[in-house]
Amino acid sequence: MAVTLTDAAARHVGRYLTKRGKGIGVRLGVKTTGCSGLAYKLEYVDAPEPEDVVFESHGIKVMIDPKSLAYIDGTELDFVREGLNEGFKFHNPNERDRCGCGESFRI
């Protein structure tokens, strides 16, 4: 499987990297935290780490550390606008439960 970006997410990342003036893509991962145990983390990347697993989606590189890949393999990252709010949304087929505040999830 792979981790992919929707067209909207790829456009947003591409615009941000252009505005930033550097970078090759994003790194997605998970960290232990919150009510349900795991939370997503996302950061812009200038260079891949040697251990990163690298995917490409809509021309944007998506880097994932091997430990996180087991939790987010098959995930699609979207960028959505809901009313006055906008942000990234993770569509993870491995997710079994999400806490009420939406900050953490469980596999």
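Cut-off values and rules
- The numbers attached to residues start from 1 for each chain and follow its sequence in the written order.
- Note on the predicted model: pLDDT of at least 70 is required for a residue's local features to be given, and 80 or more for side-chain atom pairs to be given and counted; whole-chain, interface and lining totals, by contrast, use all residues.
- The basis for the side-chain values is all heavy atoms of the structure; hydrogens and waters are excluded.
- UniProt positions are given in the numbering used here, feature names are shortened, and annotations may be inferred rather than shown by experiment.
- Counting from the N terminus, the helices are DSSP H or I runs at least four residues long and the strands are E runs at least two residues long.
- Using a 1.4 Å probe on the protein chains alone, a residue whose accessible area is under 20% of its type maximum counts as buried, one over 50% counts as exposed, and one in between counts as partly exposed.
- Residue-level accessible areas treat just the shown protein chains as cover; the underlying method is Shrake-Rupley with a 1.4 Å probe.

As recorded by an unreviewed UniProt entry, the chain carries the name Iron-binding protein IscA and is attributed to Comamonas aquatica DA1877. What UniProt states about the chain under its Cofactor (unreviewed entry) heading is, verbatim, "Fe cation". UniProt lists a comment for the chain under the heading Sequence similarities (unreviewed entry), and it reads "Belongs to the HesB/IscA family."

Asker: A description of the overall build of the chain should follow, citing residues and the corresponding values.
Answerer: Along its length, the chain carries two helices and nine strands. Listing every helix and strand of the chain by position from the N terminus yields β-α-β-β-β-β-α-β-β-β-β. Buried residues in the chain amount to 38% of all 107 residues. Here the chain has roughly 6,300 Å² of accessible surface; of this, 49% comes from carbon and sulfur atoms.

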